[in-house]
Amino acid sequence: GESSSLSALDGTIFSQCTSPQANGGGVIVADDATPTIRFKDVSVYDCAARSGGFLYNPSFQSIQFENVRIERCQATALNAFDIEGGGAIFSNGRIDLLGTTVISDCSAAQLAGAVLAPFVNMLGQSRVENCVAGLYGGGILALLSAVISDNASITECIAGESGGCLFSFAHLEISGESQLD
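Residues numbered from 1 in each chain as written. Predicted model: local features only at pLDDT ≥ 70, side-chain atom pairs only at ≥ 80, totals over all residues. Heavy atoms only, no water.

Peer 1: Please give an account of the sheet that holds strand β10 (residues 69-71) that cites residues and values.
Peer 2: Taking strand neighbours across the sheet as the criterion, the 7 strands line up as β2-β6-β10-β14-β17-β20-β24 in an open arrangement whose pairing is parallel. The open sheet has two free edges, formed respectively by β2 (13-15) and β24 (179-180), since each of these has just one partner strand. In this structure, β2 lies alongside strand β6 (residues 43-45), joined through 3 bridges in parallel fashion. By the bridge assignment for β6, Phe14 is matched with Val44. (Pairing = 2+ DSSP bridges. Helix = DSSP H or I, 4+ residues; strand = E, 2+ residues; numbered from the N terminus.)

Peer 1: Please give an account of the side chain of Ser126 that cites residues and values.
Peer 2: Tracing the backbone shows Ser126 in the loop between β16 (115-122) and β17 (127-129). Leaving out residues up to four positions away in the same chain, Ser126 has contacts with Leu97, Leu98, Gly99, Thr101, Asn151, Ala152 and Ser153. (Contact = heavy atoms within 4.5 Å.)

Peer 1: Could you give an account of the sheet that holds strand β15 (residues 107-108), with specific residues and numbers?
Peer 2: With parallel pairing, the 6 strands of this open sheet are ordered in space as β3-β7-β11-β15-β18-β21. Whereas interior strands pair on both sides, the edge strands pair on one side only; in this sheet they are β3 (18-19) and β21 (158-159). Examined bridge by bridge, β15 and strand β18 (residues 132-133) share 2 bridges and lie parallel to one another. The residue bridging Ala108 from the neighbouring strand is Ala133, located in β18.

Peer 1: Can you explain the pattern of salt bridges? Please cite residues and give values.
Peer 2: As a working rule, side chains carrying opposite charge can pair if their charged atoms are close by. Applying the stated criterion to the full structure yields 6 salt bridges. A salt bridge links Glu71 to Arg72; its shortest N-O distance comes to 3.0 Å. Here Glu71 falls in the buried class, since its relative accessible area comes to 13%. Asp96 is the partner of Arg94 in a salt bridge, and the nearest nitrogen-oxygen pair spans 2.9 Å. Since its relative accessible area comes to 31%, Arg94 is described here as partly exposed. A relative accessible area of 5% places Asp96 in the buried class. When salt bridges with common partners are traced through the structure, they connect Asp46, Arg69, Glu71 and Arg72 into a single cluster. (Salt bridge = Lys/Arg side-chain N within 4 Å of Asp/Glu carboxyl O. Buried < 20%, exposed > 50% of the residue type's maximum accessible area, 1.4 Å probe, protein only.)

Peer 1: How would you summarise the environment of Ala75 if you had to cite specific residues and measurements?
Peer 2: With respect to the helices, strands and loops of the structure, Ala75 is situated in strand β11 (residues 74-75). Distance from Ala75 to Gln61, taken between C-alpha atoms, is 21 Å for residues 14 residues apart in sequence. With residues near it in sequence (within four places) discarded, Ala75 still touches Ala49, Arg50, Ser51, Gly52, Gly85, Gly86, Gly87, Ser107, Ala108 and Ala109.

Peer 1: So what's going on with the pairing of strand β19 (residues 140-148)? Residues and values would help.
Peer 2: Most of β19 is tucked away, with 7 of its 9 residues classed as buried. Relative to β19, β16 runs parallel, the two sharing 7 bridges. Bridge assignment links Met122 to a residue of β19, and that residue is Ile148. Relative to strand β22 (residues 166-168), β19 runs parallel, the two being bridged by 3 bridges. Opposite Leu141, over in β22, you have Phe167 as the bridge partner. Here β19 pairs with strand β23 (residues 171-174) via 4 bridges, running parallel. The residue bridging Ile148 from the neighbouring strand is Ile174, located in β23.

Laid out in structure tokens, this is it:
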């Protein structure tokens, strides 16, 4: 079969993208989107939505963020019966934070100040900093697996209930010089 990809590269800026009554302030991935989705050397500032302040991915596709900066994004969802949130990113597929990716000063009213996904991999020198969730996962809420390795770090994040830096329901692996503080 033919392979295709969706990429945002080299200095692309998303700023003040909002979707106050819906999901994905900056980007929504369609259910039948291309198999490879990648953001590299991209900057994101001040995006907001009900779920996935910057990016909302209802599909099971993996998404890579390499050398990306995401700042001051928020998820406003307050629905106690659904899994909604992800101040920066909400995804039903795997999220890879690579290289020097930084997510900072993001928030969610309930779940995952920065990233809400079933699988989250933080590698390289990726960082999640100063993020807040009203309930669980101040930095990251990983529904199935979280792998934090190399020099990745989650610092100064806060959750109203549990998992100030990281809340993982199942597999958790922390290795290398990684830091949770």
